[in-house]
Every structure is written in structure tokens, then in C-alpha cells.
Amino acid sequence: MRSAKDFFRPLAVGAPEPLREIPARPSRAIHFFDPSNAKMAAKVPDMIGSVDVLLGNLEDAVKADRKEAARQGLVDIARANTWSGSQLWTRVNALDSPWGLDDLTTLVGEIGDRLDVVMVPKVQGAEDIHYVDRLLAQLEAKAGLERPILVHAILETARGVANVEEICGASPRMQGLSLGPADLAADRRMKTTRVGGGHPGYLVREDPTEGDVDGTTTPRATYQQDLWHYTIARMVDACAMHGIYPYYGPFGDITDVVACEDQFRNAFLLGCVGTWTLHPKQVAIAKRVFSPDPRDVAHARRVVTAMGDGTGAVMLDGKMEDDASLKQCLVMVELAEQLAAIDPDLKQQYDAIGQEAS
Ligand code: GLV
Ligand code: MG
């Protein structure tokens, strides 16, 4: 057992102190790029400042014979640019792959001062986070880094889902979790072939009308259900419990912008703060969906004002507001303020609707 007092001590002599709180930095879109793909890499400098997070992906989707080129490409891109308007994250190869160790060693040594978060795929339990935690501390000490690199786990194995709370609490470095629907579906032996999103076969059906004995004679409405609801809800609770952040993962059907927006919005409403984006089209969707609607922000501000010291209850537009609805409104107002601070268009929308309402 580790004493609670030791939890915030560096795991290597000379490593930076762990953070007590994970900063709430806007991360509506985590935009994936393959640093070994020259065309994709060339677009990165222009995206800095317009996407909350740019993530150099070294894992799946990078071919085995391009792994080293991707790692070196990320080092070059990280060094050649200033990362003031966007965070720089990476997804390293899995801990059981031949590349994971070299990814961490190279990236922390070469660009650790620019790297905000390391995403670790296929995390199974707290032991994986403990391994990365100690290794990062050793590498940070060696590189003379002054701030700790944070860790983000992808929830994409059945064991990982079963251990989700202990994964979130395994280290003060834990920044958040993403849903990995493609690997998770395979690991769970789900009978799907997609990367995220719904499935037309996963549905419930309206009852048959009276007299329709075997249910086949009259049409019956069906309602598609969300395959990912259970996992996202578990992620959200585990993250909230540990003060870290949950994210939707990849939505693979780039052409279906409507279903993509629906999935992102479900995740946002359930408590996620952002999502992965695989194509510039999805960045715009993510930014829109994961920023509170100006009308909701205006309403939330009205509730905050009407509730005064926050106790008791008031009636607004025929609806009861109390301490609990006030707390929900504060979540909305705080998020709007954080986003307005980095996004002038959004600030203008929030201000304009505030003036209309007053
Ligand atoms: C992401 O990595 C996934 O497997 O969905
Ligand atoms: Mg995966």
C-alpha cells in the first residue's frame, strides 16, 4: 500500500511534482494527424490556434514500417512550431508493442517540454498507468522537465471498462479517458464492423396493435438505441469521481456529418468535454457541439442571477429552480467563460445573447 502522503511526490528524483488538479483546458476537438504522412503533416502548422488539441498519432492507422518515421515526424513538427494556441498531444503505441517504449523515451527526451498529454491505448488496468507513471517520471528527470506530462487512457478493452475507476485514480497524472469504440467492439466480440456510431440493428420496437397476433400485420415504429451509452456513462462517472475529463473517441464515417454530430452531442449532454476528430470537417462539428449553446448559456446566467445566494427556490418561466439546477447552470456558465476566453467568435455570441436577454 502507498501512503496518501506519497501520492503527490515525484516518482523519480528530479522529476517535476505531480499536479494537484488537472487544468480545465478547452479540448473540444482532439485532432488526429499521422506525422509520417507528409500531406497531413504539412497542414498542421496552419491548424495551430484553430483546434484545441493537435495529436500526433503513432499507433493504429500508422503502418508498421512507418512507425519510426511517424515518431521522428512528430519530433520535427513539435520543434518547428510554437504551441501557444493549441495543445500538443500524442498517442503512443501500446505498452505490449515493440514501439511503445521507444515512443515514450524519444518523445519525452526530445520534445517533452512541448508535449501536454500522452494518450496510452488499450489500457487494461491500474498496472498499465503505474508503469507509464514511473517511466515518465524517470524520463522527465533525465530531460530536466519542469512540468509533468499528463496521461490519457483509451478505454478500449473489456478489462479496461471493468477497471475504469481504478484506471482513473491510478496516478495524479491522469488527465482523462477516451472511448475507443473500434477496439472495444472487437475485444467484447460485438457483432459490428464500424468505428463508433450507432447500428441500425440495435433497436427497440413499438408494441403490436391489438389483434396483430404475431406482430407482422401492422407497421410498428422502431427506435435505434445507442450502442455506446453504457460505456460513456461509466466513463463519465469514473472521470467525475476522480476530477478528470471524459471524451468521445473516433467517429469513422467521415461522410455522415449528421450522425457524427448526434453522437458527439449525446456524449456532450452526458458529460464529455470533447471528442477525437479524424477529418477537418469533424473539427467544426466538435467545436460547435462541445461549446454550450448561447441560448442555454443565457438561460443559465438568468438562473444564476435569480438564485442570488444560491439557497432556496425560485420560479422562472413557470419552472422551479433550486440549488441543484443552479449547480448545473454554473457548469454551463463556467464552461462558456473558459471557451469565450480562447474563442472570440463564441465570446461574441455569448455576449450578444446576454445583451438581448437583459
Ligand atoms: C480507437 O482507438 C478505437 O479503437 O476506437
Ligand atoms: Mg483503438
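The structure displayed is predicted, hence computed values, not measured ones.

K.L.:
Got a minute to help me understand the pairing of strand S12 (residues 319-322) in this structure?
P.N.:
Every other side chain in a regular strand lies on the same face of the sheet, so the side chains alternate between the two faces. Looking at chain direction, strand S11 (residues 313-316) and S12 are connected through 4 bridges and run antiparallel. By the bridge assignment for S12, alanine 313 is matched with aspartate 322. Where S11 folds back on S12, the antiparallel hairpin that results is connected by 2 residues, among which aspartate 317 adopts a positive phi of roughly 50°.

K.L.:
How should I be thinking about the site of ligand 1 in this particular structure?
P.N.:
Near ligand 1, the surroundings consist of Arg91, Glu156, Gly180, Pro181, Ala182, Asp183, Pro250 and Trp276. Residue arginine 91 places a side-chain N or O atom 3.0 Å away from an oxygen atom belonging to ligand 1. Contacts to ligand 1 include aspartate 183, whose backbone N or O atom sits 2.8 Å from an oxygen atom. In isolation ligand 1 offers 190 Å² of accessible surface; the protein chains occlude 93% of this area. A per-element tally of the shell around ligand 1 places helix H7 (residues 181-187) first, with 3 residues. A breakdown of the residues in the shell around ligand 1 according to their chemical character gives 4 nonpolar, 1 polar and 3 charged.

K.L.:
Help me understand the pattern of salt bridges in this model?
P.N.:
A side chain of one charge can pair with a side chain of the opposite charge if their charged atoms are brought near each other. On inspection of all chains with the given rule, the structure shows 22 salt bridges. Between aspartate 343 and arginine 28 there is a salt bridge, and its shortest N-O distance comes to 3.3 Å. In this pair, aspartate 343 is assigned in the loop between helix H12 (323-342) and helix H13 (344-357) and arginine 28 in the segment before strand S1 (29-33), connecting sequence segments 315 residues apart. Per residue, the accessibility class of aspartate 343 equals that of arginine 28, and both read buried.

K.L.:
How should I be thinking about the environment of isoleucine 154 in this particular structure?
P.N.:
Examined against the element boundaries, isoleucine 154 turns out to sit in strand S5 (residues 150-155). When the C-alpha positions of isoleucine 154 and glycine 215 are compared, they lie 42 Å apart, and in sequence the two are 61 residues distant. Every residue in contact with isoleucine 154, bar those within four places of it in the chain, is listed here: Arg91, Met119, Val120, Pro121, Lys122, Val123, Ser178, Leu179, Gly180 and Trp276.

K.L.:
Would you take a moment to explain the sheet that holds strand S9 (residues 245-247) for this structure?
P.N.:
Remark on secondary structure: sheet strands pair via backbone hydrogen bonds, oriented parallel or antiparallel. Taken in spatial order, the 8 strands of this open sheet run S9-S6-S5-S4-S3-S2-S1-S10, and their pairing is parallel. The open sheet has two edge strands, S9 and strand S10 (275-277), and neither has a second partner. Here the average twist between neighbouring strands, direction ignored, is 25°. Where strand S4 (residues 117-120) meets S5, 4 bridges bridge the pair, whose relative direction is parallel. Of the residues in S5, the one forming a bridge with valine 117 is leucine 150.

K.L.:
Can you help me understand the coordination of the magnesium ion (ligand 2) in this one?
P.N.:
Octahedral six-donor coordination of a metal ideally yields angles of 90 or 180 degrees, compared with 109.5 degrees for tetrahedral four-donor coordination. The magnesium ion (ligand 2) binds to the protein through Glu156 (OE) and Asp183 (OD), with metal-donor distances spanning 2.1 to 2.2 Å. Remark: aspartate 183 occurs in helix H7 and glutamate 156 occurs in the loop between S5 and helix H5 (158-162); sequence separation between them is 27 residues. Look at glutamate 156 and you get buried, because its relative accessible area is 3%.

K.L.:
I tried to follow the layout of surface pockets on my own but got confused; where do I start?
P.N.:
Gaps left between atoms show up when a probe the size of a water molecule is rolled over them. Space inside the largest pocket adds up to approximately 710 Å³. For the largest pocket, the lining is made up of 25 residues, of which Phe268, Gln328, Val331, Met332 and Leu335 are closest to its centre. Breaking the lining of the largest pocket down by element, the ones donating at least two residues are helix H9 (257-270), helix H11 (294-306) and H12. Top element by residues in the lining of the largest pocket is H12. It accounts for 9 residues.

K.L.:
Can you help me understand the domain arrangement of the protein in this one?
P.N.:
Put simply, an interface is often sized by how much accessible area is lost when its parts join up. Under the domain assignment used here, the protein contains domain 1 (4-290) and domain 2 (295-357). Taking only C-alpha atoms, the centre of domain 1 and the centre of domain 2 are 29 Å apart. At the boundary of domain 1 with domain 2, total buried surface from both sides reaches about 460 Å², with 64% on carbon and sulfur atoms. In terms of surface lost to domain 2, no three residues of domain 1 exceed Ala24, Pro26 and Arg28, which account for 69% of the buried area on that side. Summed over the shared surface of domain 1 and domain 2, the number is 1 salt bridge. At the boundary of domain 1 with domain 2, the tally comes to 1 residue pair in polar contact (both at pLDDT 80 or more). Classifying every residue of the side of domain 1 that touches domain 2 by side-chain character gives 4 nonpolar, no polar and 3 charged.

K.L.:
It is not clear to me how unusual backbone geometry should be interpreted in this structure. Could you clarify?
P.N.:
In terms of backbone geometry, most residues other than glycine have negative phi values and most peptide bonds are trans. Here lysine 122, not a glycine, exhibits a phi torsion of approximately 55°, which is positive. Within the secondary structure, lysine 122 is located in the loop between S4 and helix H4 (126-143). We note that arginine 189 has phi near 60°; this positive angle belongs to a residue other than glycine. The topology assignment puts arginine 189 in the loop between H7 and strand S7 (203-205). With relative accessibility at 66%, the residue arginine 189 sits in the exposed group.

K.L.:
Please clarify how empty space enclosed by the protein should be interpreted in this entry.
P.N.:
Tallied over the entire structure, the rule returns 2 cavities of 30 Å³ or more. Taken as a whole, the largest cavity encloses approximately 90 Å³ of empty space. Taken together, 15 residues make up the lining of the largest cavity; nearest its centre are Pro10, Leu11, Pro18, Asp133 and Arg173. Of the residues in the lining of the largest cavity, the class split is 9 nonpolar, 1 polar and 5 charged. Approximately 30 Å³ is the volume attributed to the second largest cavity. If you trace the second largest cavity, you find it lined by Thr192, Arg194, Val195, Gly196, Gly197, Gly198, Leu227 and Trp228. In the lining of the second largest cavity, the residues fall into 3 nonpolar, 4 polar and 1 charged.

Rules behind the numbers
- Residues numbered from 1 in each chain as written.
- Chains lettered and ligands numbered in written order.
- Predicted model: local features only at pLDDT ≥ 70, side-chain atom pairs only at ≥ 80, totals over all residues.
- Heavy atoms only, no water.
- Pairing = 2+ DSSP bridges.
- Helix = DSSP H or I, 4+ residues; strand = E, 2+ residues; numbered from the N terminus.
- Near = heavy atom within 4 Å.
- Polar contact = N/O pair within 3.5 Å; in protein donor to acceptor, adjacent residues only side chain to side chain.
- Areas by Shrake-Rupley, 256 points an atom, 1.4 Å probe, with all protein chains shown as cover.
- Nonpolar A, V, L, I, M, F, W, Y, C, P; charged D, E, K, R; others polar.
- Salt bridge = Lys/Arg side-chain N within 4 Å of Asp/Glu carboxyl O.
- Buried < 20%, exposed > 50% of the residue type's maximum accessible area, 1.4 Å probe, protein only.
- Contact = heavy atoms within 4.5 Å.
- Axes fitted to C-alpha atoms, helices over the stretch in contact; angles between N-to-C directions.
- Donors = N, O, S within 2.8 Å, 3.2 Å for Na, K, Ca; no water.
- 1 Å grid on protein atoms, 1.4 Å probe; cavity = no way out; pocket = protein on both sides within 12 Å on 5 of 7 lines; lining within 4 Å.
- Points joined across faces, edges and corners; volume = space filled by probe spheres on them.
- Domains from an automatic or database assignment.
- Buried area = accessible area lost by both parts, 1.4 Å probe.

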